[in-house]
There are 2 protein chains.
Amino acid sequence: MGTPAAFGPLERADALCVRRGVRLTPQRRRVLAILCSASRPLGAYEILEAMRDGSRPLAPPTVYRALDFLLEQGLVHKLESLHAFIGCRHPDHPHSGQFLICRTCGLVTELEDEAICESLRSAADETGFRPERRVVEVLGVCACCVGKGVEG
Amino acid sequence: MGTPAAFGPLERADALCVRRGVRLTPQRRRVLAILCSASRPLGAYEILEAMRDGSRPLAPPTVYRALDFLLEQGLVHKLESLHAFIGCRHPDHPHSGQFLICRTCGLVTELEDEAICESLRSAADETGFRPERRVVEVLGVCACCVGKGVEG
DNA sequence: CTGGCTGCTGTTATACTGTAGCGTTATCGC
DNA sequence: GCGATAACGCTACAGTATAACAGCAGCCAG
C-alpha cells in the first residue's frame, strides 16, 4: 500500500515498455511527460524548448528521435494537420486514433469510434487496399466554443 | 458538334470557375494542369520545378498562392500526411475527400464514401463538435502492390 | 577482462515546407 | 480614362524535419 490506485500515463507507459521489452529512457520519458502535461498539442520545437532545463541547448534530432520511439509504441499521436504531437489517452492497445480539433480554443478530443474504424476498413477492403496507418482529423469548432459564439 | 462529348478536368474547372465568378488565371490553370497530369501527388516545390518552362525561375509564393485558390475552389486536395497536392477527381461539388495512399507505388485513390462521412458526422454530433474540414488519409499498400508482393 | 556489438545520445549542418511583406501589374466596373 | 481590387513577382525568412557522424554506456561471448 501507499501506491495510489490510479496510475498516471507515465507509470502506465513504464509498465507497457517493460512488458514489451523496450526502453523508456529518461529522454523519451521526459518528452512523454511534457506532452501529457500539456493542455494542447505541441510542435516538436515547442517540446524542444520545454526540455531546456537551465543550460542544456538541445538539438532537434534529440526530440524527433524520442517522438519516433513514442509514436512507434503508440504512446503519442501525431496530428498531421497541425504538425504537432499529443499524448495518447489510452495507449494500452495500439491504434490510430481519430481527432476532433477545435480551431478556436485548440482543444483536441481523441476518439476511438468503432463505426469510423469499420467504415474505413470496409472502404479499403472494397479495393483490396491493405491499411497500415489511419489519419483521421476533423477540424472545426468544439461545442464549448460554439456555445460561446467564439467561432468567428 | 466538333466539341468532344467528354471534357477533361481543365475544361470542367474553367466552366466551374465561370459559374462561380472566380478567375482561373493562367498561373492557376497551369498548376492545376500539372497536378492533373501527374500520376502521383506532387509537393509544392515539385510543382514549382515543373513550372520552369525554359527561363523563368519562379518563387515559392507563386505556387502556394495558386494552390490556395485551387484548394478553396475544391479543384485540388492537400494530402497532409505527404505534404503534397493532388488534383480532385470530382470537383463539381465541394467536399473533403478520403484517400487511400500506397506507400509502395505512390498511388492515391480518392474516395467519397458515404458511410465514412456519416460515421464522422455522427461522432462529431455526439460531442456537439461542428466540423469544417475533414482529413481522412489511410496509408498502406494498394491491391496491386499486395498482389506483386512488393509490400516489404 | 577485453573487445566487439548494439542502442541511445549529442552535435553540426542542411534539406524541405511554408509565409510575411512590399512593390508592380493586370483586370474590372464605372 | 480612372480608381479599386485582385493577381503576380520577388526577397527574405520562419518553421519543420532529417542526414551523417562521433561519443558513450551496457551487455555479453570468449
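Naming follows an unreviewed UniProt entry, where chain A appears as Ferric uptake regulation protein of Thiorhodococcus drewsii AZ1. UniProt lists a comment for chain A under the heading Subunit (unreviewed entry), and it reads "Homodimer."

Draft legend 1. Main features of the protein's contact with DNA strand D. Looking at DNA strand D, there are 16 residues lining it, with Tyr45(A), Lys78(A), Thr25(B), Gln27(B) and Arg65(B) nearest. Atoms of DNA strand D within 4 Å of the protein belong to the sugar or the phosphate in 45% of instances, the rest to bases. Interatomic distance of 2.7 Å between a side-chain N/O atom of Tyr45(A) and a base nitrogen of DNA strand D. Between Arg28(B) and DNA strand D, the recorded distance is 3.0 Å, taken from a side-chain N or O atom to a phosphate oxygen.

Draft legend 2. Local environment of the interface of chain A and chain B. Listed as interface residues are 34 residues of chain A and, on the opposing side, 34 residues of chain B. Applying the counting rule to chain A against chain B returns two salt bridges. One salt bridge in this structure joins Glu132(B) and Arg103(A), with 2.7 Å as the shortest N-O distance. Summed over the shared surface of chain A and chain B, the number is eleven residue pairs in polar contact (both at pLDDT 80 or more). Contributing elements (two or more residues each) for the side of chain A that touches chain B: β3 (98–102), α5 (114–127), β5 (130–141) and α6 (143–148) of chain A. Residue contributions to the side of chain A that touches chain B peak at twelve residues, all from β5(A). By residue class, the composition of the side of chain A that touches chain B is 19 nonpolar, six polar and nine charged. Bridge count between β5(A) and strand β5 (residues 130–141) of chain B: eleven bridges; the pairing is antiparallel.

The rules behind the values
- Residues numbered from 1 in each chain as written.
- Chains lettered and ligands numbered in written order.
- Predicted model: local features only at pLDDT ≥ 70, side-chain atom pairs only at ≥ 80, totals over all residues.
- Heavy atoms only, no water.
- UniProt positions renumbered as here; feature names shortened; annotations may be inferred.
- Near = heavy atom within 4 Å.
- Polar contact = N/O pair within 3.5 Å; in protein donor to acceptor, adjacent residues only side chain to side chain.
- Contact = heavy atoms within 4.5 Å.
- Salt bridge = Lys/Arg side-chain N within 4 Å of Asp/Glu carboxyl O.
- Helix = DSSP H or I, 4+ residues; strand = E, 2+ residues; numbered from the N terminus.
- Nonpolar A, V, L, I, M, F, W, Y, C, P; charged D, E, K, R; others polar.
- Pairing = 2+ DSSP bridges.

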